[in-house]
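Results of the structural survey
Chain by chain, the residues:
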Amino acid sequence: MKLTKTLAASVAVAAIGIAAMTSAVTAGGARSVESDSMIGVPATLTGAAGQIRGVNGGGLPWSIGSSEVEVTASGKVEVAFNDLVFAAGPNVGKNTVASMKVVVSCLDSTGATVNVSTPLFPVTTATALDAGGDGAVEARLALPKPCIAPIVFITNPNGAWFAVDGL
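Residues numbered from 1 in each chain as written. Predicted model: local features only at pLDDT ≥ 70, side-chain atom pairs only at ≥ 80, totals over all residues. Heavy atoms only, no water.

1. Observations regarding the overall build of the protein chain
As a reminder of what qualifies: Only DSSP runs of H or I with at least four residues qualify as helices, and only runs of E with at least two residues qualify as strands; both kinds are numbered from the N terminus onward. When a residue's accessible area, from a 1.4 Å probe over protein chains only, is under 20% of the maximum for its type it is buried; when over 50% it is exposed; and in between it is partly exposed. Any two residues having at least one pair of non-hydrogen atoms within 4.5 Å are treated as being in contact. We get accessible surface area from the Shrake-Rupley algorithm with a probe of 1.4 Å; when it comes to residues, only the shown protein chains can shield them.
Check the secondary structure of the protein chain and you find 1 helix and 12 strands. A burial count over the protein chain gives 35% of its 167 residues as buried. Across the protein chain, every contact between residues at least 6 apart in sequence was considered, and the portion connecting residues at least 24 apart equals 62%. When the accessible surface of the protein chain is summed, it comes to about 9,100 Å², and 62% of that surface belongs to carbon and sulfur atoms.

2. A short note on the environment of Val-85
Counting through the fold element by element, Val-85 comes out in strand S6 (residues 85–86). Of the residues examined, Val-85 reaches a relative accessible area of 8% and is grouped as buried. For the pair Val-85 and Asp-134, spaced 49 residues apart in sequence, the C-alpha to C-alpha distance is 9.1 Å. In this structure Val-85 touches Trp-62, Ser-63, Gly-93, Lys-94, Asn-95, Ala-131 and Gly-132, once residues within four positions along its chain are discounted.

3. Quick look at the sheet that holds strand S1 (residues 32–35)
We count it as follows: In this scheme, strands are said to pair when DSSP sees at least two bridges between them. Note on definitions: angles span 0 to 180 degrees between N-to-C directions of axes, and those axes are lines fitted to C-alpha atoms, for helices only across the stretch in contact.
In space, the 4 strands of this open sheet follow the order S1-S4-S5-S10, with antiparallel pairing throughout. With partners counted over all chains shown, the strands left at the sheet margins are S1 and strand S10 (135–140), one partner each. Here the average twist between neighbouring strands, direction ignored, is 5°. Where strand S5 (residues 76–81) and S10 come together, 6 bridges link them in antiparallel fashion. Across the sheet, residue Val-77 finds its bridge partner in S10, namely Ala-139.

4. Quick word on the environment of Gly-132
Considering the arrangement of structural elements, one finds Gly-132 in the loop between strand S9 (121–122) and S10. Taking the C-alpha atoms as reference points, Gly-132 and Asn-95, separated by 37 residues in sequence, lie 5.3 Å from one another. The residues touching Gly-132, leaving out its near neighbours within four places in the chain, are Asp-83, Val-85, Asn-95, Thr-124, Thr-125 and Ala-126.

Have a look at this one:
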């Protein structure tokens, strides 16, 4: 019985904390999704086998170092990353793709998938002293309202994903 009262008190305190955080986040009408964890396309998800919401995986495996992603309800998208490089193949450990884009995938209010992409942006390519794979983009996209279950991809110019947000 004592455990039940302690558990109930803990749940009540947590609920108050969550309500306070929610009001702080939405007080100005600003809602956002943020992530500092992206995953490169693994070997098992290359090509069509790695399709997520109509976005195929890249043709070879990729790995990614640090990353930061923010997408707001108003459509502002900011993505920065380091060390997005091939994880297999003849260029393993290097990036040879000079331009990439970010695709934000949402479900709209009918449950339909809506994929919206940034323009191409520059990404560093491998040199004798640096593996490359560093890039950043800031853009405003016309996302559906609401944008349900957003997924953020870094893709090649043709739209195949090299990295996706995840844990």
